[in-house]
Amino acid sequence: MNDIRRTILWVIFGFSLVLLWDQWQVYTGHRPTFLPSAKTAATEPASAPAAPAASTSGVPAAGSSANAAVPQQAAAPAIGERVTVTTDVFKATIDGEGGTLSELQLLNFVDQTNNHGLVEWARRLVGLPVAENESHPVTLMENGSPATRYVAQTGLLNQVQTGERFPNHLTLMTPRSGPRQLTEGQKTLEVAFESQPVGGLKYVKTYVFQRGDYSIHVKHEIVNVSNQPVDAQLYLQFIRHGTVASSTMFGTNTFTGPAIFTEQKKFQKINFTDITKNKVELPAPATNGWVAMVQHYFVSAWLLNVPGSDALKREFRVADLGNNLFSVAMVLDVPKLAPGATQLIESNLFAGPEEEKKLESLATGLELVKDYGIFAIISKPLYWLLNQLHGILGNWGWSIVALVVLLKAAFYWLNAKAYASMAKMKAINPRIMEMRERLKDKPQEMQQEMMRIYREEKVNPMGGCFPILIQIPVFIALYWVLLSSVEMRHAPWILWIKDLSAPDPWFILPAVMTATSLFQTWLNPTPPDPMQAKLMWIMPLAFSVMFIFFPAGLVLYWITNNVLSIAQQWFINKRLGVLGNKPSK
């Protein structure tokens, strides 16, 4: 019975590894091995976004799947001047059509096409071509086809549905003259766009870039040039394509899609499919909160985190625009503008890495965009501990090693009891084998005799399962930490390991992991059943194949855990005099 339970645990563990490996393939840009490939949220994209009537602002009800959260148009827009801005962290393109942030590269983060290793070396050896390792900055936003479109837009709405249009993200805006590059020693760079009066309002939008900062300060200046008081609304929105990774039965994907936060409803993730099906329950209008667009490693968020912004009432909207495009918007009520009056509203557009400490300092709840999945209760403390260790050691690889040492120390006595139980099982294994052979034709008597031996020797058949049960949740939680933490992205360890979040290109760590797993199997008691005994040796080999493609940091964790477990188990087996004992024939 003990062997069957242990086998079941190994099978569950193996299945979990299969699912995790499959999702890692998805998030590293490869096709999933076992599960369906990526799909889009919209099953039947519309031919074009619906256009509102020319004389209205066309604001639909919140959550409408037929229109945008703010005005759209089907006709080709006017072509405005495009301005390219370069800072130490951004290369941004701002379009004269609405002053839209239409392209954004993160200069301090790179995408690589090929990490050369053993496979490339073998190809060169036999004369086959090898692709060059191309490196380029991460592109967070771009205004390409619907399959890749991701932009940040703002504009004004008329609260009177039958009233005139105001300047919005479709309005042609003229860039003001000024520098476009953050020069050496310069701390800030301002780029302003100005519209002509539309419906009696002029709109001036100013982007303020700061050195070393992924938070862009955006100032919205609204001028009433008419002779009548005007009520208007300001919207801040993201439009993004709805392509997401396929979910699994355990939901092991990191989240991709819109997110909204308010003090009342707290953090809310919104699936693209729910927007399409009009199943989104949006938070009530509030004087706090933010909207974001979340993806793997990076996030963009419209924040109102400047003094006085808590007086602005904001409404939250999402929409399916058709053609696999979705929007999330925050609509602000602008105080009534008297003739000739000017209203200034300040906001921040964060567009960068999901670094927890930075996000926590920007806005309440913003750190929650970093998705730890259902294992957050374990993953968050693990990340905190890893981060503290990294602050001391300065290397994420050695921090993983130190983390395992601390975990093994914390569970030392529990593991010691488990290993002692396994050692006793190994010691009495010859008696069990002899008894099974003697009573092989009497299964009921064999089971009774086996339980008698266990009672006499004070052995718990399930005692050896505890180390596995303890390791599985920690292993999966650490997988989530490596998967979601941008700090691990391209983080080196030693020598050939240049990226702990990517597989070992030379397969050295998986080979070491296989060796340690096999040695640990040799230390464990051999199951009496020959088939189960063979399975004990086959399972580590099967897992090793999957570990070839797992992140190097995860394999490093498992190797360290194996080495420490071997040392502890070796000591206990030697103390009990069962080291290397083999079952009698």
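Residues numbered from 1 in each chain as written. Predicted model: local features only at pLDDT ≥ 70, side-chain atom pairs only at ≥ 80, totals over all residues. Heavy atoms only, no water.

## Structural notes on the overall build of the protein chain
Link 1 in the chain: Of regular secondary structure, the protein chain possesses twelve helices and 19 strands.
Link 2 in the chain: The proportion of buried residues among the 585 residues of the protein chain is 52%.
Link 3 in the chain: Counted over contacts in the protein chain with a minimum sequence separation of 6, partners at least 24 positions apart contribute 69%. (Helix = DSSP H or I, 4+ residues; strand = E, 2+ residues; numbered from the N terminus. Buried < 20%, exposed > 50% of the residue type's maximum accessible area, 1.4 Å probe, protein only. Contact = heavy atoms within 4.5 Å.)

## Section: helix 6 (residues 396-410)
Link 1 in the chain: With 15 residues, helix 6 extends 21 Å from end C-alpha to end C-alpha; this agrees with the ideal 21 Å at 1.5 Å per step.
Link 2 in the chain: Taken residue by residue, helix 6 has Trp396, Gly397, Ser399, Ile400, Val401, Ala402, Leu403, Val404, Leu407 and Lys408 as its buried positions.
Link 3 in the chain: Structurally, the start of helix 6 carries an N-cap: the backbone nitrogen of Gly397 is 2.7 Å from a side-chain oxygen of Asn395. (Expected span 1.5 Å × (residues − 1). Polar contact = N/O pair within 3.5 Å; in protein donor to acceptor, adjacent residues only side chain to side chain.)

## Overview of the nonpolar core
Grouped burial of nonpolar side chains is what soluble globular proteins tend to show.
Link 1 in the chain: Counting 75 residues, the largest nonpolar core has Leu101 and Phe209 as the members making the most contacts within it.
Link 2 in the chain: Ignoring anything within four residues of it in the chain, the contact list for Phe209 reads Val85, Thr87, Phe90, Ala92, Ile94, Lys187, Thr188, Leu189, Val191 and Ile216.
Link 3 in the chain: Counting 42 residues, the second largest nonpolar core, distinct from the first, contains Val474, Val481, Met513 and Met539. (Core = buried A, V, L, I, M, F, W, Y, C linked by side-chain atoms within 4.5 Å.)

## Some points on the packing of helix 5 (residues 376-393) against helix 6
Link 1 in the chain: Axis separation between helix 5 and helix 6 bottoms out at 8 Å; the angle between their running directions is 120 degrees. Classified by the angle their axes make, helix 5 and helix 6 are oblique. Viewed along their axes, helix 5 and helix 6 form a crossing whose handedness is right-handed. Residues Leu382, Leu385, Leu386, Asn387, Leu389, His390 and Leu393 of helix 5 form the contact with helix 6, whose own contacting residues are Trp396, Trp398, Ser399, Ile400, Ala402, Leu403, Leu406 and Leu407.
Link 2 in the chain: Considering only residue class, the contact of helix 5 with helix 6 consists of twelve nonpolar, three polar and no charged. (Axes fitted to C-alpha atoms, helices over the stretch in contact; angles between N-to-C directions. Parallel < 35°, antiparallel > 145°, perpendicular 65-115°, else oblique. Left-handed = near helix turned anticlockwise from the far one by under 90°. Nonpolar A, V, L, I, M, F, W, Y, C, P; charged D, E, K, R; others polar.)

## Re the packing of aromatic side chains
Link 1 in the chain: Tallying each qualifying case throughout the model produces twelve aromatic pairs.
Link 2 in the chain: The residue whose ring lies beneath Lys370 is Tyr383, and the NZ or CZ to ring-centre distance is 3.5 Å. (Phe/Tyr/Trp six-rings, centres within 6.5 Å; stacked < 30°, edge-to-face > 60°. Lys NZ or Arg CZ within 6 Å of the ring centre and 35° of its normal.)

## Quick notes on the confidence of the model for the protein chain
Link 1 in the chain: Put simply, the protein chain has an average pLDDT of 79, and 74% of its residues get 70 or more.
Link 2 in the chain: Below a pLDDT of 50 lies the segment residues 25-67, which in the model reaches 100 contacts outside its immediate sequence neighbourhood of four places, other chains included.
Link 3 in the chain: The model gives residues 581-585 a pLDDT under 50, and that stretch makes eight contacts with residues more than four places away or in other chains. (pLDDT = per-residue confidence, 0-100.)

## A closer look at the environment of Leu564
Link 1 in the chain: Here Leu564 lies in helix 12 (residues 552-575).
Link 2 in the chain: A sequence separation of 156 residues divides Leu564 from Lys408, and the C-alpha atoms of the two residues are 7.5 Å apart.

## Some thoughts on the sheet that holds strand 10 (residues 215-224)
Link 1 in the chain: Read across the sheet, nine strands follow the order 7-8-9-10-19-16-15-13-14 without closing on themselves; strand pairing throughout is antiparallel. With partners counted over all chains shown, the strands left at the sheet margins are strand 7 (173-175) and strand 14 (266-269), one partner each. Between one strand axis and the next, the sheet turns by 20 degrees as a mean value, whatever way the strands run.
Link 2 in the chain: Alignment of strand 13 (residues 257-262) against strand 15 (residues 290-294), held across five bridges, turns out to be antiparallel. Opposite Ala259, over in strand 15, you have Ala292 as the bridge partner. (Pairing = 2+ DSSP bridges.)

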